[in-house]
Amino acid sequence: MVRITTITIGSGLGLALFAASAQAEWTVNLTPGVTDVSRSVFDLHMTIFWICVAIALVVFGVMFWSIFHHRKSRGAEAHNFHENTVVEVIWTIIPLLILVGMAVPATATLVKMYDSSEAELDVQITGFQWKWRYDYLDHNLDFFSNLSTPREQISNEADKQEHYLLEVDRHLVLPVDTKIRFLLTSNDVIHSWWVPALAVKKDAIPGFINEAWTVIDEPGIYRGQCAELCGQDHGFMPIVIEAVSRDDFQQWLADARADKQRVTAAAERTWTLDELMQQGEQVYLRACAACHLPTGEGVPGAFPALKGSAIATGEVAAHIDIVLNGKSGTAMQAFRDQLSASELAAVITYERNAWGNSLGEAVSPAQISRLLEPTTGEAEQ
Amino acid sequence: MSDKPTLWQTLLSVLSSFFGVQSERNRERDFHGGHPVHYILTGLLMAALFVIAVILLVRWALSLAGA
Ligand SMILES: [Cu+2]
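An unreviewed UniProt entry annotates chain B as DUF2970 domain-containing protein of Marinobacterium marinum.

By the naming in an unreviewed UniProt entry, chain A goes by Cytochrome c oxidase subunit 2 and is assigned to Marinobacterium marinum. Under Sequence similarities (unreviewed entry), UniProt gives the following word-for-word description of chain A: "Belongs to the cytochrome c oxidase subunit 2 family." Entered under Function (unreviewed entry) in the UniProt record, the comment concerning chain A runs "Subunits I and II form the functional core of the enzyme complex. Electrons originating in cytochrome c are transferred via heme a and Cu(A) to the binuclear center formed by heme a3 and Cu(B)."

I'd like a description of the interface of chain B and chain A, backed by residues and values.
Interface extent is often summarised as the accessible area lost during association of the parts. Every contact between the two is made by 7 residues of chain B and, on the other side, 7 residues of chain A. The junction of chain B with chain A conceals about 620 Å² of combined surface from both sides, 75% of it contributed by carbon and sulfur atoms. Of all residues in chain B, Phe19(B), Val21(B) and Glu24(B) give up the largest surface area on contact with chain A, accounting jointly for 65% of the area buried on that side. Counting across the chain B and chain A interface gives 0 salt bridges. Counting the contacts that link chain B with chain A gives 1 residue pair in polar contact (both at pLDDT 80 or more). In the side of chain B that touches chain A, the residues fall into 4 nonpolar, 2 polar and 1 charged.

If you had to explain unusual backbone geometry to someone new, which residues and values would you point to?
Residue and element names in this part refer to chain A. Cis geometry marks the peptide bond from Gln129 to Trp130, where omega comes out at 0°. Here Trp130 lies in the loop between strand E1 (121-128) and strand E2 (131-136). The residue Asn140 is not glycine, and still its phi comes out positive at about 50°. Counting through the fold element by element, Asn140 comes out in the loop between E2 and strand E3 (141-145).

Residues and numbers for the state of the cysteines, please.
In this structure the tally under the stated criterion is 0 disulfides over all chains. Cys291(A) forms no disulfide, and the closest cysteine sulfur to it belongs to Cys288(A), at a distance of 8.8 Å.

Can you lay out the packing of helix H1 (residues 7-19) of chain B against helix H3 (residues 36-64) of chain B for me, pointing to particular residues and giving the numbers?
Residue and element names in this part refer to chain B. Taken N-terminus to C-terminus, the directions of H1 and H3 make an angle of 60°; their axes are 10 Å apart at the nearest point. Looking at the two axes, H1 sits oblique to H3. Helix-helix and strand crossings are classified by hand; for H1 and H3 the assignment is right-handed. Of H3, the residues touching H1 (which contributes Thr10, Leu11, Ser13, Val14, Leu15 and Phe18) are His38, Tyr39, Thr42, Gly43, Met46, Ala47 and Phe50.

For the UniProt feature "domain: Cytochrome c" (unreviewed entry) in chain A, give the residues involved together with the corresponding values.
As recorded in UniProt, the sites labelled "domain: Cytochrome c" (unreviewed entry) are residues 275-355 of chain A. Helix makes up 49% of residues 275-355 of chain A and strand 0%, with an end-to-end C-alpha separation of 17 Å.

Provide a residue-level description of the UniProt feature "transmembrane region" (unreviewed entry) in chain A, including the pertinent values.
All names here are of chain A. Following the UniProt record, one finds the feature "transmembrane region" (unreviewed entry) at residues 48-68 and 89-111. Summarising residues 48-68: 100% helix, 0% strand, and an end-to-end C-alpha distance of 29 Å. For residues 89-111, the helix share is 100%, the strand share is 0%, and the end-to-end C-alpha distance is 32 Å.

Explain the confidence of the model for chain B to me, using residue names and the numbers behind them.
Overall, the predicted model of chain B reaches an average pLDDT of 88, with 96% of residues at or above 70. Across the predicted assembly, pTM comes out at 0.70 and ipTM at 0.81.

How would you sum up helix H10 (residues 365-372) of chain A? Please name residues and give values.
Residues and elements named next belong to chain A. Considered for burial, the residues of H10 that qualify are Pro365, Ile368, Ser369 and Leu372. For H10, the angular spread of buried residues about the axis comes to 105°, placing them on one side. Looking at the buried residues of H10, the elements they touch are helix H6 (273-287), helix H8 (316-325) and helix H9 (341-353).

Conventions used here
- Residues numbered from 1 in each chain as written.
- Chains lettered and ligands numbered in written order.
- Predicted model: local features only at pLDDT ≥ 70, side-chain atom pairs only at ≥ 80, totals over all residues.
- Heavy atoms only, no water.
- UniProt positions renumbered as here; feature names shortened; annotations may be inferred.
- Contact = heavy atoms within 4.5 Å.
- Buried area = accessible area lost by both parts, 1.4 Å probe.
- Salt bridge = Lys/Arg side-chain N within 4 Å of Asp/Glu carboxyl O.
- Polar contact = N/O pair within 3.5 Å; in protein donor to acceptor, adjacent residues only side chain to side chain.
- Nonpolar A, V, L, I, M, F, W, Y, C, P; charged D, E, K, R; others polar.
- Helix = DSSP H or I, 4+ residues; strand = E, 2+ residues; numbered from the N terminus.
- Disulfide = S-S within 2.5 Å.
- Axes fitted to C-alpha atoms, helices over the stretch in contact; angles between N-to-C directions.
- Parallel < 35°, antiparallel > 145°, perpendicular 65-115°, else oblique.
- Left-handed = near helix turned anticlockwise from the far one by under 90°.
- pLDDT = per-residue confidence, 0-100.
- Buried < 20%, exposed > 50% of the residue type's maximum accessible area, 1.4 Å probe, protein only.
- Arc of directions from axis to C-beta.

Structure representation (structure tokens):
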């Protein structure tokens, strides 16, 4: 009996030790992160973890010891009594003290987390099904950040790469050593913006603006995900932050703004059908293929085929209308604020001339620009 | 044992119900000599005081944090 018990306990301990050494490799634990707040959260987590370990050791230790020590074969006899006020008071006061002891540092951290005052940079983050939009509020710059993992990897036709489902086409670039305030909201359903390395996880709720903040200490790439189940592609709207030095950030801002102007200017010039088709295919694969499929065949019953579709081969006005304004109540969203005029023109041209659709006509970026002007920004909250 | 509990004893009994521990002796005294309405009124009063205490505690914690 005794031997069996010893062996069981011994191997149990062995397993626990093994788990501890494997932990670093598996990174099972919370990340300490790269901000002051994330380190407080980590310390809090470890403190409470060790308190739990201590409680478990004491409680189970006493329990096992008494079971073992007062076993029947030794002639132990149960002591029958009912209630003992002193013991009851003690076992109520001790947990109370432990809870208060944990509440003090926890409150200090929470208060710190909620103090978003005196931020140097404001970034509005808007959740969309299924992508994020970042708005650098005082810098006249905004863009969408889409998943960039190729479809073939998702459908197991290609090997999955290191950052599978955690990579995007445009990073959220942020300066280090700068207090940044995030203003979170959503365009459709509730999402949640979660980046473990910053210890920021905040719901993005339509019609509300939530605040969070961070000061990143180290340059680097930090990845996160949507943490509130938001529909079919909930797992396909990752977050990638690229933290850079303050100087690099200014440089990046200037470049990004220049890029934006170039895109606007591009809508003014004349595009050839070939150019539109090339650009259109890229836009289509990035923004439309998730539902309508790369082959344009759609998913019967859910997403209509565009190959041979009445709209994609019919009146151009109706085609432009559904792509710009979407169709409310369906998954077909309005793309007018999500794509630039030339991207819209290109993708519509592409749909009218791909997969056997052969209208041979091009929709020009200038034509789309004119349609975009009156209500641009209408969908913004 | 069938004496009526005093105001002080009623208060202590309500407090021990907040705490969750009461001795058998006090319980019997309360159930034999006490009147339910006294306990209910004392309970409501103490609950109100408790809420006020929590509000003050939060204010104090926030003022420590400089908010
Ligand atoms: Cu989401």
